[in-house]
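Summary of the model geometry
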Amino acid sequence: PTGGLLGLRTGRSWLTQSIGRREEKRSGEAREPSKDEDEPSACSALEHSLDEDPFTMSRGGGNYDRHLTIFSPEGRLYQIEYAFKAVKSCGYTTIGVCGTDGVAFVTQLKAPDKLIDPASCSHIYTISPSVGMLTTGFPADARSIVQKARQEAAEFRFKFGYEMPCDVLAKWLADNNQVYTQHAYMRVMAVETMLIGINDDDEDNKKPMLYKVDPAGYYAGYHASCAGTKEIECNNWLEKKMKTFLGESKKPLSLTQAVRMGISALQSVLSEDFKASQIEVGVVSCTDNVFRKLTEDEIDDHLVAISERD
């Protein structure tokens, strides 16, 4: 670029001098080229573009959203932010609530097309007999994550002789997602996952666990969490309702209350009364430490209890 600019300036000066000589011959008067003389527009535009700072040009062009592994001048990775936006625009909402004697998550069960069987569009998966997963985002990416998580849980069981704990699986998923943010030839998974299980290290003091893993590779344990459409509104609703069950003077939250709180949050945020066939619920109890999905009759009993309470 420097050699091109030098050649451009040399050509311009030669052209100005030759024009001046011709004018001297014609008028017989010596005249120096004027500094205020208007320059050709094409040369001016080209010289201006060459003199411009390449860093400023790239930042102004907004090309940082095309690369996963390059930070913008503001310190942002736009492709990861786009993955979070894809999760929020998935069209449904998922909620998880951790109680004292169990943990549950709730989500909508709806098909994207009228001819599709809603039962085949489930977002709840069994990873191991004691761990369940709830996915929010692209269904194809979710199936890929579920398959890898099941394989890892099976290998863990074969190697160590006991089921893979929920928190260990959450850490493995987070590490796997974080790798996708380091390589340009990989695409970030547009899925947020919730994992539920029971910490049974102490048989006399079993603790329910609820973990959420995001596309950037961050994971953490939650008392209650949500993802998908209306995530902000749902998070505010859960914060208000969970105040009495958190802190020093907290009240115990049973598994039944956790299930009904998740369903109530879904109905309140979306302003819709659901039928038993329109939602799905997954639970793990400290009593048996087995993950299972509630049947439509069990979900209907919870819906009737919520309507009578309200």
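Residues numbered from 1 in each chain as written. Predicted model: local features only at pLDDT ≥ 70, side-chain atom pairs only at ≥ 80, totals over all residues. Heavy atoms only, no water.

Regarding its fold elements, the protein chain presents 9 helices and 10 strands. Here the protein chain, with 310 residues, has 40% of them falling under the buried criterion. Restricting to contacts in the protein chain with at least 6 residues of sequence separation, those with at least 24 account for 62%. For the protein chain, the accessible surface area stands at approximately 18,400 Å², while carbon and sulfur atoms represent 51% of it. (Helix = DSSP H or I, 4+ residues; strand = E, 2+ residues; numbered from the N terminus. Buried < 20%, exposed > 50% of the residue type's maximum accessible area, 1.4 Å probe, protein only. Contact = heavy atoms within 4.5 Å. Areas by Shrake-Rupley, 256 points an atom, 1.4 Å probe, with all protein chains shown as cover.)

This part covers the sheet that holds strand β5 (residues 191–199). Spatially, β3-β4-β5-β6-β7 is the arrangement adopted by the 5 strands of the open sheet, whose pairing is antiparallel. Every interior strand has two partners, whereas the edge strands, β3 (124–128) and β7 (219–221), have only one. Here the average twist between neighbouring strands, direction ignored, is 25°. Looking at chain direction, strand β4 (residues 131–137) and β5 are connected through 6 bridges and run antiparallel. Following the sheet pairing, Met-133 is matched in β5 by Leu-195. Contacts from helix α6 (residues 166–179) reach β3, β4, β5, β6 (207–213) and β7 within the one sheet, and its direction differs from that of β6 by about 5°. (Pairing = 2+ DSSP bridges. Axes fitted to C-alpha atoms, helices over the stretch in contact; angles between N-to-C directions.)

Before going further, it helps to examine unusual backbone geometry. One non-glycine residue with positive phi stands out, namely Lys-230, at about 60°. As for its position among the elements, Lys-230 is in the loop between β8 (224–228) and α7 (231–241). Unusually for a residue other than glycine, Asn-289 sits at a positive phi of about 55°. As for its placement among the helices and strands, Asn-289 is situated in the loop between β9 (279–285) and β10 (291–293).

Turning next to the packing of helix α5 (residues 139–160) against α6. Between α5 and α6, the shortest axis-to-axis distance is 11 Å and the interhelical angle comes to 130°. Put simply, α5 runs oblique to α6. The two elements α5 and α6 cross, and the hand of that crossing is right-handed. The residues of α6 that touch α5, namely those facing Ile-145, Lys-148, Ala-149, Glu-152 and Phe-156, are Val-168, Leu-169, Trp-172, Leu-173 and Asn-176. Its residues assigned to classes, the contact of α5 with α6 comprises 7 nonpolar, 1 polar and 2 charged. (Parallel < 35°, antiparallel > 145°, perpendicular 65-115°, else oblique. Left-handed = near helix turned anticlockwise from the far one by under 90°. Nonpolar A, V, L, I, M, F, W, Y, C, P; charged D, E, K, R; others polar.)

Put simply, the protein chain has an average pLDDT of 83, and 80% of its residues get 70 or more. Between residues 29–61, whose pLDDT stays under 50, and residues either more than four places distant or in other chains, the model counts 27 contacts. (pLDDT = per-residue confidence, 0-100.)

So, on to the packing of aromatic side chains. With the rule as written, the count across this model stands at 6 aromatic pairs. Seen from their ring centres, Phe-105 and Phe-291 are 5.9 Å apart, and the 65° between their planes marks the pair as edge-to-face. Of the two residues, Phe-105 is situated in strand β2 (residues 102–108) and Phe-291 in strand β10; the sequence distance between them amounts to 186 residues. Here Phe-105 matches Phe-291 in class, with each residue buried. Between Phe-156 and Tyr-162, the ring centres sit 5.3 Å apart and the planes meet at 90°, which makes this aromatic pair edge-to-face. Ring-pair connections join several aromatic residues into one group, and the members of that group are Phe-156, Phe-160 and Tyr-162. (Phe/Tyr/Trp six-rings, centres within 6.5 Å; stacked < 30°, edge-to-face > 60°.)

Here we take up the pattern of salt bridges. Any two side chains of opposite charge can pair, so long as their charged atoms come close to each other. One pass over the full model with this rule turns up 9 salt bridges. Among the salt bridges present, the one from Asp-141 reaches Arg-187, with a minimum N-O distance of 3.0 Å. One end of the pair, Asp-141, is in helix α5; the other, Arg-187, is in the loop between α6 and β5, with 46 residues separating them in the sequence. Residue Asp-141 is classed as buried on the basis of its relative accessible area, which comes to 7%. Relative accessible area serves as the criterion here: at 51%, Arg-187 is assigned to the exposed category. Measuring nitrogen to oxygen at the nearest pair gives 3.0 Å for the salt bridge that ties Lys-171 to Asp-175. One end of the pair is Lys-171 and the other is Asp-175, both in helix α6 and 4 residues apart, which spans about a single turn. For Lys-171, a relative accessible area of 41% gives the class partly exposed. When its relative accessible area of 40% is taken as the criterion, Asp-175 is described as partly exposed. Salt bridges sharing common partners tie together Glu-192, Lys-212 and Glu-231. (Salt bridge = Lys/Arg side-chain N within 4 Å of Asp/Glu carboxyl O.)

This brings us to the pairing of β6. Successive residues of a regular strand alternate their side chains across the two faces of the sheet. Of all 7 residues making up β6, 6 are buried, and the element is well covered by its neighbours. Bridging between β5 and β6 involves 7 bridges; their strand directions are antiparallel. Paired with Ile-196 across the bridge in β6 is Leu-210. Adjacent in sequence and paired antiparallel, β6 and β7 are bridged by 5 residues, among which Gly-217 carries a positive phi angle near 100°.

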